[in-house]
Amino acid sequence: MKGRRAAGAAGRAAGMLRAAGSQQQATLVELFFDLVVVFALNRVVAFSTSGFGSDSVAEQWTTVVEGSLLILPLIWVWSRTAYLTARFEPRRGGAQVTVLATAFGLLLLGTAVPGAFDASAMAFAGIYVVLQAGGSLVTVIAIRGHPLRILYLRSACWFCLSAAPWLLGAIMHGYAQIALWSLAVAVDLGSARLGWPVPGLGRQRASAWAYFPDHLADRYRQLLLIALGETILAVGIAYTNESGFHSPTNTVGLVIAFLTTVLLWRIYFHTAGELFGEAVKSAKNPASLGRTAGTAHLAMIMGVVGTAVGHELVQTHATTTRTYPAWLAVIVGGPIAYVAGRALLEWVVFSRIALRRLLGIGALLLLAIPLAFAPPLAAVAVVTVVLLGIAVADAQRSVRHPDDAPAPPR
């Protein structure tokens, strides 16, 4: 009797998994989830812009660190959900309920962002812990009897471990909170990178990249697109809330922000962004290469958010005559992170890193010195020119090599 019950539980769990011929395109429930991600990222941009408005240099630099600490858990929740819908059939009721419940949790997490280092610290940490540790434990129960259960059990153990610095940091203030939350983020991301090793349960990875690379590639492309859309949203809202059409500076800033977003989109989708799913699928070790592609996208998302903050600063401080160093860190550092992530993605797809991307990063680093004495509008304009140079060089390569095919590292 016990054996039959175990076999029945394993059969139900297997029925929740994706079949080999399952459609790889994102479902409507996943796209709905992405809408909530837009809101959460928008709250991070608004939080960072507000912090950069302080006259204290220390507070401005603290905002750089705090903003990064807020982005990483948000993206990690998205990543975990994307991996879940890569393994489990998102057209089934159980998976859809899980995605919608996570979307609601992410909505609450976004509402806690403005006070995450103040009055809402416990709300932010508590919701995150429930989403990650609680979500893993629910999955363990739902797929009892299936071998994949061990993977989620190991991840639940590590999320319960990281819950301590998350919750302890929530009752602390200042640098102590930052230090504890930095530790928590390091535990979450580092344990995942190591395969969530637990004594007695092993550490073997079961990466969804090895089985459903097309789906995950599609999801990461959509994540980048919604991040770019958030840039337009943040700058557009700031433009309407400020002087808008009545200010030539704000209007020029809006135009530059739009052009920058278009260039970021173009640089990403220039062959590598379109082909990286195919490259991962054809790789000798698709799981490892897929994780590298995910890291590349994380760097690009961080870059997009930094770029969005920089352009919103132009809107909210249009009359400022100089660019503070912390402002420059996001105005120039955001695009640098983006181009670096895109260079890593190019290595994933073609086993090479184009010289034009390295030259673009070098140009931005060198230009940061004189831009520190220029207005924010001039800084974002110069960055746009550098990005335009990279995009033009990409277009010229396409003319010379129109049939570039994936050639992932072996």
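Residues numbered from 1 in each chain as written. Predicted model: local features only at pLDDT ≥ 70, side-chain atom pairs only at ≥ 80, totals over all residues. Heavy atoms only, no water.

### Digging into the pattern of salt bridges
Applying the stated criterion across every chain, the model contains 9 salt bridges. Between Arg-352 and Glu-346 there is a salt bridge, with its nearest N and O atoms 3.7 Å apart. Overall, Glu-346 belongs to the buried group, its relative accessible area being 2%. What emerges from the salt-bridge pattern is a single network uniting Glu-346, Arg-352, Arg-356, Arg-357 and Asp-394. (Salt bridge = Lys/Arg side-chain N within 4 Å of Asp/Glu carboxyl O. Buried < 20%, exposed > 50% of the residue type's maximum accessible area, 1.4 Å probe, protein only.)

### Here's the deal with the packing of helix H6 (residues 149–170) against helix H7 (residues 174–193)
Pairs of packed helices are described in terms of their axes, by the angle between the two and the distance that separates them. At their nearest, the axes of H6 and H7 sit 8 Å apart, and the two run at 165° to each other. Taken together, H6 and H7 sit at an angle that is classed as roughly antiparallel. Where H6 crosses over H7, the handedness of that crossing is left-handed. Here Trp-158, Phe-159, Ser-162, Pro-165, Trp-166, Leu-168, Gly-169 and Ala-170 of H6 lie close against H7, whose contacting residues are Gln-177, Leu-180, Trp-181, Leu-183, Ala-184, Val-185, Val-187, Asp-188 and Ser-191. The class makeup of the residues in the contact of H6 with H7 is 12 nonpolar, 4 polar and 1 charged. (Axes fitted to C-alpha atoms, helices over the stretch in contact; angles between N-to-C directions. Helix = DSSP H or I, 4+ residues; strand = E, 2+ residues; numbered from the N terminus. Parallel < 35°, antiparallel > 145°, perpendicular 65-115°, else oblique. Left-handed = near helix turned anticlockwise from the far one by under 90°. Contact = heavy atoms within 4.5 Å. Nonpolar A, V, L, I, M, F, W, Y, C, P; charged D, E, K, R; others polar.)

### Quick word on the packing of aromatic side chains
Counting across every chain of the model gives 14 aromatic pairs. Aromatic side chains Phe-124 and Trp-166 sit 6.4 Å apart centroid to centroid with 50° between the ring planes, which places their arrangement in the tilted category. Of this pair, Phe-124 sits in helix H5 (residues 121–142) while Trp-166 sits in helix H6, placing them 42 residues apart in sequence. Comparing Phe-124 with Trp-166 shows no difference in burial state: the two are buried. Sitting over the face of the ring of Phe-350, Arg-352 holds its NZ or CZ atom 4.2 Å from the ring centroid. (Phe/Tyr/Trp six-rings, centres within 6.5 Å; stacked < 30°, edge-to-face > 60°. Lys NZ or Arg CZ within 6 Å of the ring centre and 35° of its normal.)

### Considering a nonpolar patch on the surface
A contiguous nonpolar patch, built from Leu-225, Ile-232, Val-255, Phe-258, Leu-259, Val-262 and Trp-265 and spanning about 610 Å² of accessible area, is present on the exposed surface. The element that contributes the greatest number of residues to the nonpolar patch is helix H9 (residues 248–269), accounting for 5 residues. On the secondary structure map, Leu-259 appears in helix H9. Judged by its relative accessible area of 42%, Leu-259 is partly exposed. (Patch = residues over 30% accessible without salt bridge, like charges linked within 9 Å, V, L, I, M, F, W, Y side chains within 5 Å. Areas by Shrake-Rupley, 256 points an atom, 1.4 Å probe, with all protein chains shown as cover.)

### Points about the layout of surface pockets
To find leftover empty space, a probe the size of one water molecule is rolled over the atoms. By volume, the largest pocket amounts to about 590 Å³. Along its surface, the largest pocket is lined by 25 residues, and Trp-76, Tyr-83, Ala-192, Arg-193 and Arg-291 are the ones closest to its centre. Taken together, the elements giving at least two residues each to the lining of the largest pocket come down to helix H3 (57–87), H6, H7, helix H8 (213–241) and helix H11 (286–316). Classifying every residue of the lining of the largest pocket gives 14 nonpolar, 6 polar and 5 charged. If you trace the second largest pocket, you find 18 residues lining it, with Leu-84, Thr-98, Thr-102, Leu-131 and Gly-135 closest to the centre. Elements represented by at least two residues in the lining of the second largest pocket include exactly H3, helix H4 (93–112) and H5. For the lining of the second largest pocket, the element with the highest residue contribution is H5, accounting for 8 residues. Class assignment for the residues of the lining of the second largest pocket results in 9 nonpolar, 8 polar and 1 charged. (1 Å grid on protein atoms, 1.4 Å probe; cavity = no way out; pocket = protein on both sides within 12 Å on 5 of 7 lines; lining within 4 Å. Points joined across faces, edges and corners; volume = space filled by probe spheres on them.)

### Observations regarding the environment of Phe-276
For Phe-276, the location among the structural elements is in helix H10 (residues 272–282). With 216 residues separating them along the chain, Phe-276 and Gln-60 place their C-alpha atoms 37 Å apart. Sequence-distant contacts of Phe-276, defined by excluding residues within four places in its chain, comprise Trp-209, Ala-217, Tyr-220, Arg-221, Tyr-268, Ala-293, His-297, Leu-345 and Val-349.

### Description of the packing of H9 against H11
Where H9 contacts H11, the axes come no closer than 9 Å and their chain directions differ by 170°. One finds that H9 runs roughly antiparallel with respect to H11. Across the interface between the two elements, Asn-250, Gly-253, Leu-254, Ile-256, Ala-257, Thr-260, Leu-264 and Tyr-268 from H9 touch His-297, Met-300, Thr-307, His-311, Val-314 and Gln-315 from H11. Here the residues of the contact of H9 with H11 sort into 7 nonpolar, 7 polar and no charged.

### Comments concerning the environment of Ala-368
Relative to the helices and strands, Ala-368 is located in helix H14 (residues 355–371). By relative accessible area, Ala-368 is classed as buried at 18%. Separated by 36 residues in the primary sequence, Ala-368 and Val-332 place their C-alpha atoms 6.9 Å from one another. Filtering out sequence-adjacent residues up to four positions away, Ala-368 remains in contact with Leu-328 and Val-332.

### Notes on the side chain of His-311
With respect to the secondary-structure elements, His-311 resides in helix H11. Setting aside chain neighbours within four positions, we find His-311 in contact with Val-235, Gly-253, Ile-256, Ala-257, Thr-260 and Val-380.

Spatial relationships are all this shows, so hold off on functional conclusions.
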